[in-house]
Amino acid sequence: MIAKWLEHFRVRRILKRFPIPHETWHHLMTADPLFHGLSAVEKARLREMATVFLHRKYFKGAQGQVVTSEMGAAISAQAALLVLNLGLDTLDGCNDIIVYPSAFRVRREAHDELGLVRQEDNVLAGESWSYDGPVVLAWDEAEAELSENHPGHNVVLHEFAHKLDMLNGKANGMPPLHAEMNRAVWTQAFSQAFEHLQAQLAHYHNPDINSYAATSPAEFFAVTTEYFFTAPKRLKQHFPGVYEQLKQYYRQDTLHRAQSADSGF
Ligand SMILES: [Zn+2]
């Protein structure tokens, strides 16, 4: 009880002493369709969560990138939207956010199916290594997705979705489900969709969603999360079972929200 009271007091103090400026917040909420359709109550909660996130996480620029307060606010607002109905503590394991100016090169050892070790060189827009490791983002990618409309793409949501997935161990495409959810239903919906996407690619068909989702179940969860928030209509149209499970998991109905934003409500 005391701990809860103390946390409440600390949050109040952060909101009072380190607020996100009105202009910055207003610009974010209007410029990015990601936030359209949220109710006034949801927007108020989002702002509180983003403010606390921005204050508590350590933002660090790499390769000369300066992380401005606007950039920090933009990243924080997106992370807060992801966990709006899950709670900020689901992202407690991640304290550092490293921002590169653009896609960065990563060299690491990879083990192939035969167990052989090879050097892999990848150019990435984002990365999250482990539950308590940093989230790494390329700012040009994140910025383009915020200012233009890139349905199906959001590197910030993608990387933090990996963090949620890792709450119950290794990233395997299934975060800890809520008590009212059913593991078998989740598994059925996701594996069916994953196999369908892989079959499309194997037959050189146009994939229903970004082919990167076919890399692994973990990437499938992260990519479908991007669609869930930025292109919910497309996700529901192609993978209704996945949409339904993500709706239950994130406790948000993004398609309903997008439709009510379109109709001016
Ligand atoms: Zn990923």
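All of the points below concern the structure found in this document. (Residues numbered from 1 in each chain as written. Predicted model: local features only at pLDDT ≥ 70, side-chain atom pairs only at ≥ 80, totals over all residues. Heavy atoms only, no water.)

Let's shift gears to helix 6 (residues 155-165). In terms of burial, helix 6 is largely enclosed, as eleven of its eleven residues are buried. Every buried residue belonging to helix 6 is among Val-155, Val-156, Leu-157, His-158, Glu-159, Phe-160, Ala-161, His-162, Lys-163, Leu-164 and Asp-165, and all of these are buried. The opening residue of helix 6, the one whose side-chain oxygen lies 3.0 Å from the backbone nitrogen of Val-156, is Asn-154. (Buried < 20%, exposed > 50% of the residue type's maximum accessible area, 1.4 Å probe, protein only. Helix = DSSP H or I, 4+ residues; strand = E, 2+ residues; numbered from the N terminus. Polar contact = N/O pair within 3.5 Å; in protein donor to acceptor, adjacent residues only side chain to side chain.)

Quick look at the nonpolar core now. Across soluble globular proteins, nonpolar side chains have a tendency to be buried as a group. One finds Ile-97, Phe-160, Phe-220 and Tyr-250 to be the most contacted residues of the largest nonpolar core, which totals 65 residues. Ranked by residue count, the leading element in this core is helix 4 (residues 69-82), at nine residues. (Core = buried A, V, L, I, M, F, W, Y, C linked by side-chain atoms within 4.5 Å.)

To continue, consider unusual backbone geometry. If you check the backbone angles, Tyr-204 has positive phi at about 55 degrees while not being a glycine. You can see Tyr-204 is positioned in the loop between helix 7 (183-202) and helix 8 (217-230). With phi around 55 degrees, Arg-251 is a residue other than glycine that occupies positive phi space. Here Arg-251 is to be found in the loop between helix 10 (240-250) and helix 11 (254-262).

Moving on, we get to the layout of surface pockets. In this model, the second largest pocket occupies a volume close to 440 Å³. If you go around the second largest pocket, you meet 22 residues; those closest to its centre are Pro-33, Phe-229, Thr-230, Pro-232 and Ala-258. For the lining of the second largest pocket, the elements supplying multiple residues, two or more each, are helix 8, helix 9 (232-238) and helix 11. The element that contributes the greatest number of residues to the lining of the second largest pocket is helix 11, accounting for seven residues. Of the residues in the lining of the second largest pocket, the class split is eight nonpolar, eight polar and six charged. (1 Å grid on protein atoms, 1.4 Å probe; cavity = no way out; pocket = protein on both sides within 12 Å on 5 of 7 lines; lining within 4 Å. Points joined across faces, edges and corners; volume = space filled by probe spheres on them. Nonpolar A, V, L, I, M, F, W, Y, C, P; charged D, E, K, R; others polar.)

This next bit is on the pairing of strand 1 (residues 58-61). Looking at chain direction, strand 1 and strand 2 (residues 96-100) are connected through four bridges and run parallel. Opposite Gly-61, over in strand 2, you have Val-99 as the bridge partner. Taken together, strand 1, helix 4 and strand 2 constitute a β-α-β crossover, and its handedness is left-handed. (Pairing = 2+ DSSP bridges. Right-handed = clockwise from strand over helix to strand, strands pointing away.)

On the protein side, the zinc ion has His-158 (NE2), His-162 (NE2), Glu-219 (OE) and Glu-219 (OE) as donor atoms, found 2.1 to 2.7 Å from it. Each of the four donor atoms bound to the zinc ion contributes to angles spanning 53 to 143 degrees, and the resulting shape is irregular. Within one chain, the residues serving as donors to the zinc ion are arranged as H-x3-H-x56-E. With His-162 in helix 6 and Glu-219 in helix 8, the pair connects residues that are 57 residues apart, well separated along the chain. One exposure class covers both His-162 and Glu-219, and it is buried. (Donors = N, O, S within 2.8 Å, 3.2 Å for Na, K, Ca; no water. Tetrahedral: all angles 85-135°; square planar, octahedral: opposite > 155°, others 65-115°.)

Taken together, the side chains of Trp-5, Leu-6 and Phe-9 define a hydrophobic patch exposed on the protein surface, amounting to about 320 Å² of accessible area. Summarising the element assignment, Phe-9 is placed in helix 1 (residues 2-17). Assessed through its relative accessible area of 43%, Phe-9 is described here as partly exposed. (Patch = residues over 30% accessible without salt bridge, like charges linked within 9 Å, V, L, I, M, F, W, Y side chains within 5 Å. Areas by Shrake-Rupley, 256 points an atom, 1.4 Å probe, with all protein chains shown as cover. Salt bridge = Lys/Arg side-chain N within 4 Å of Asp/Glu carboxyl O.)

Now for the side chain of Lys-163. By the element assignment, Lys-163 lies in helix 6. Notably, Lys-163 is buried but unbridged: the nearest opposite-charge side chain belongs to Asp-132, and the N-O separation is 6.4 Å. In this structure Lys-163 touches Leu-91, Cys-94, Ser-128, Ser-130, Tyr-131, Asp-132, Gly-133, Pro-134 and Val-135, once residues within four positions along its chain are discounted. (Lys, Arg positive; Asp, Glu negative; His and termini not counted. Contact = heavy atoms within 4.5 Å.)

With that settled, consider the packing of aromatic side chains. Inspection of the entire model under this criterion finds 16 aromatic pairs. Measuring from ring centre to ring centre gives 5.9 Å for Trp-5 and Phe-9, while their planes differ by 10 degrees; the resulting arrangement is stacked. Here Trp-5 and its partner Phe-9 are both found in helix 1, four residues apart, which amounts to about one turn of the helix. A ring pair is formed by Phe-228 and Phe-229, whose centres lie 5.2 Å apart and whose planes are at 90 degrees; its orientation type is edge-to-face. There is no split in this pair, since Phe-228 and Phe-229 are both buried. Feature note: the residues Trp-186, Phe-190, Phe-194, Phe-220, Phe-221, Phe-228, Phe-229, Phe-239, Tyr-243, Tyr-249 and Tyr-250 constitute an aromatic cluster, connected by ring pairs. (Phe/Tyr/Trp six-rings, centres within 6.5 Å; stacked < 30°, edge-to-face > 60°.)

Let us look at the environment of Thr-24. For Thr-24, the location among the structural elements is in helix 2 (residues 22-31). For Thr-24, the contacting residues outside a window of four places in its chain are Glu-70 and Ala-73.

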